[in-house]
Amino acid sequence: QVQLVESGGGSVQPGGSLRLSCAASGSILSLNAMGWYRQSPGKQRELVATITSGGSTNYADSVEGRFTISRDNVKKTLNLEMTSLKPEDTAVYYCNVKGRRSYDLPFDSWGTGTQVTVST
């Protein structure tokens, strides 16, 4: 089994910053693509940013230039640095990690989510 634990969510005023982290644990042999997604009430879950095992990144147009995704393969962590936050960034943020676990089986795991609220 692979477990993901997110941290770093909270409330912030528009223009503020937050840093989200996601720690993976369990019988992990290797990590492949990792990403952050978010879901607002009444909306579908959407991609925020992804990062490959080689470090290539991809961002949603709405966060390009404001958010930075990074990973530490040794610590098995995924981070999202969010700056210039806007009210429309308010959502539950989920981390997603793909890789291979014990017995060389693939896994595709999701965290339980962390709330980010941007308001005055």
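Everything below is about the structure shown above.
Throughout what follows, the structure given in this document is the object of discussion. (Residues numbered from 1 in each chain as written. Predicted model: local features only at pLDDT ≥ 70, side-chain atom pairs only at ≥ 80, totals over all residues. Heavy atoms only, no water.)

### Some remarks on the packing of aromatic side chains
Throughout the structure, instances matching the rule amount to one aromatic pair. The ring of Tyr94 is capped by Arg45, whose NZ or CZ atom sits 3.7 Å from the centre of that ring. When the ring centre of Trp110 is taken as origin, the NZ or CZ atom of Arg45, which lies over that ring, is 4.7 Å away. (Phe/Tyr/Trp six-rings, centres within 6.5 Å; stacked < 30°, edge-to-face > 60°. Lys NZ or Arg CZ within 6 Å of the ring centre and 35° of its normal.)

### Brief notes about the environment of Lys75
Among the structural elements, Lys75 can be located in the loop between strand E7 (67-72) and strand E8 (77-82). Here Lys75 falls in the exposed class, since its relative accessible area comes to 61%. In sequence terms Lys75 and Ala24 are 51 residues apart; their C-alpha atoms lie 8.4 Å from each other. (Helix = DSSP H or I, 4+ residues; strand = E, 2+ residues; numbered from the N terminus. Buried < 20%, exposed > 50% of the residue type's maximum accessible area, 1.4 Å probe, protein only.)

### Examining the pattern of salt bridges
The final tally for this structure, using the stated rule, is six salt bridges. Among the salt bridges present, the one from Arg38 reaches Glu46, with a minimum N-O distance of 2.7 Å. Overall, Arg38 belongs to the buried group, its relative accessible area being 5%. The residue Arg100 makes a salt bridge to Asp104 at a minimum N-O spacing of 2.9 Å. Asp104 gets classed as partly exposed once you look at its relative accessible area, which sits at 45%. Through salt bridges with shared partners, one network takes in Arg38, Glu46, Arg66 and Asp89. (Salt bridge = Lys/Arg side-chain N within 4 Å of Asp/Glu carboxyl O.)

### Topic: the pairing of strand E9 (residues 91-101)
Bridge count for strand E4 (residues 28-39) against E9 is nine bridges, and the pairing is antiparallel. In the sheet register, Ile28 faces E9, and the bridge partner there is Arg101. Pairing between E9 and strand E11 (residues 114-118): three bridges, direction antiparallel. In the sheet register, Ala91 faces E11, and the bridge partner there is Val116. As paired strands, E9 and strand E10 (residues 105-110) are joined by six bridges and run antiparallel to one another. Its bridge partner lying in E10, Lys98 is registered against Asp108. Hairpin geometry of E9 and E10 is characterised by an intervening segment of three residues between the two adjacent antiparallel strands and by a positive phi of about 65° at Tyr103. (Pairing = 2+ DSSP bridges.)

### Considering the state of the cysteines
Across all of its chains, the model carries one disulfide by this definition. Across the disulfide from Cys22 sits Cys95; the S-S distance is 2.1 Å. Around the S-S axis, the bridge from Cys22 to Cys95 shows a dihedral of about 45° and counts as right-handed. Residue Cys22 is located in strand E3 (residues 18-26), and its partner Cys95 is located in strand E9; the two are separated by 73 residues in the primary sequence. Comparing Cys22 with Cys95, the two get one shared label, buried. (Disulfide = S-S within 2.5 Å.)

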